[in-house]
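# Structure assessment
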Amino acid sequence: MRSLPSFCRGQVVRGFGRGSKQLGIPTENFPEQVVDSLPADVSTGIYYGWASVGSGAVHKMVVSIGWNPYYKNVKKSMETHIIHTFKEDFYGEILNVAIVGYLKPEKNFDSLEALISAIQCDIEEAKIRLDLPEHWKLKDDKFFQISKGKIMNGH
Ligand SMILES: Cc1cc2nc3c(=O)[nH]c(=O)nc-3n(C[C@H](O)[C@H](O)[C@H](O)COP(=O)(O)O)c2cc1C
Ligand SMILES: Nc1ncnc2c1ncn2[C@@H]1O[C@H](COP(=O)(O)OP(=O)(O)O)[C@@H](O)[C@H]1O
Ligand SMILES: [Mg+2]
């Protein structure tokens, strides 16, 4: 995928409330305009990368882009699960995302348990891949520095 790494920012909006309640895996949903402005060659599927909320710390993440075949969503969504435990929700805040690599296509599943265990495998795989030096270095990309207000002489 030529557009990777791909960087985007947007406000965290409400989804269907299924992530935390049904799956135990909360996902920050982006507004439609952010999803629609993804590069054309960033196809639907499951990706991994780095993310921060506002000017906060940069964490590993997994992101799902598509129609959630298990739930048969009508609207395409982009949902980021940050691999970190937060004390609060952050609806309305700005989420900064660096999509670094592609994992696999979205799938349908026979049960909720099967969907949950697939997502947990994706999370474990993402953690391993992000430790590779070429991915690890993107954690310190200037994209995240800008979100911390540290723009230095335009570099
Ligand atoms: C890493 C990851 C992988 C996912 N894989 C699938 C998938 O293969 N099929 C699917 O239907 N949904 C998949 N999802 C999306 C979940 O179904 C979705 O996050 C959930 O429905 C929560 O939606 P909500 O934010 O609207 O509450 C995945 C989500 C994540 C974070
Ligand atoms: N580790 C995390 N990753 C993503 N979102 C988190 C995390 N911890 C807390 N949240 C909060 O949970 C919300 C998502 O929960 P979710 O059940 O998917 O609801 P929604 O359907 O409204 O997106 C996020 O918008 C965010 O405010
Ligand atoms: Mg969500």
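About the thresholds
- Residues numbered from 1 in each chain as written.
- Chains lettered and ligands numbered in written order.
- Predicted model: local features only at pLDDT ≥ 70, side-chain atom pairs only at ≥ 80, totals over all residues.
- Heavy atoms only, no water.
- Helix = DSSP H or I, 4+ residues; strand = E, 2+ residues; numbered from the N terminus.
- Near = heavy atom within 4 Å.
- Polar contact = N/O pair within 3.5 Å; in protein donor to acceptor, adjacent residues only side chain to side chain.
- Areas by Shrake-Rupley, 256 points an atom, 1.4 Å probe, with all protein chains shown as cover.
- Nonpolar A, V, L, I, M, F, W, Y, C, P; charged D, E, K, R; others polar.
- Buried < 20%, exposed > 50% of the residue type's maximum accessible area, 1.4 Å probe, protein only.
- UniProt positions renumbered as here; feature names shortened; annotations may be inferred.

## Topic: the environment of histidine 84
Mapped onto the secondary structure, histidine 84 falls in the loop between strand S5 (77-82) and strand S6 (94-104). Measuring from C-alpha to C-alpha, the distance between histidine 84 and valine 58 comes to 9.9 Å, with 26 residues separating the pair along the chain.

## With respect to the site of ligand 2
Around ligand 2, the surrounding shell holds 21 residues, and the nearest of these are Gly17, Ser20, Asn29, Phe90 and Tyr91. Glycine 17 places a polar main-chain atom, nitrogen or oxygen, 2.6 Å from an oxygen atom of ligand 2. Contacts to ligand 2 include phenylalanine 90, whose backbone N or O atom sits 2.6 Å from an oxygen atom. Look at ligand 2: alone it shows 560 Å² of surface, and the protein chains cover 94% of it. Counting only elements with at least two residues in the shell around ligand 2, the list comes to helix H1 (18-23), strand S2 (28-29) and S5. In terms of residue class, the shell around ligand 2 is built from seven nonpolar, nine polar and five charged.

## Focus: the environment of arginine 14
With respect to the helices and strands, the residue arginine 14 is situated in the loop between strand S1 (6-11) and H1. For arginine 14, a relative accessible area of 63% puts it in the exposed group. Sequence separation between arginine 14 and proline 31 is 17 residues, and the spatial gap between their C-alpha atoms is 8.7 Å.

## Points about the site of ligand 1
Every one of the 22 residues lining ligand 1 counts as a neighbour, but Phe16, Arg18, Tyr70, Glu79 and Lys107 are closest to it. One nitrogen or oxygen atom from the main chain of arginine 18 is found 2.6 Å from an oxygen atom belonging to ligand 1. Here a nitrogen atom of ligand 1 and a backbone polar atom of lysine 107 are 2.7 Å apart. For ligand 1, whose free accessible area comes to 630 Å², the fraction covered by protein is 98%. Secondary-structure elements contributing two or more residues to the shell around ligand 1 are H1, strand S4 (59-66) and helix H3 (112-130). Its residues assigned to classes, the shell around ligand 1 comprises ten nonpolar, seven polar and five charged.

## Points about the UniProt feature "domain: Riboflavin kinase" (unreviewed entry) in the chain
Per the UniProt entry, the sites bearing "domain: Riboflavin kinase" (unreviewed entry) are residues 1-131 in this numbering. Across residues 1-131 one finds 23% helix and 32% strand; the C-alpha atoms that close the span lie 20 Å apart.

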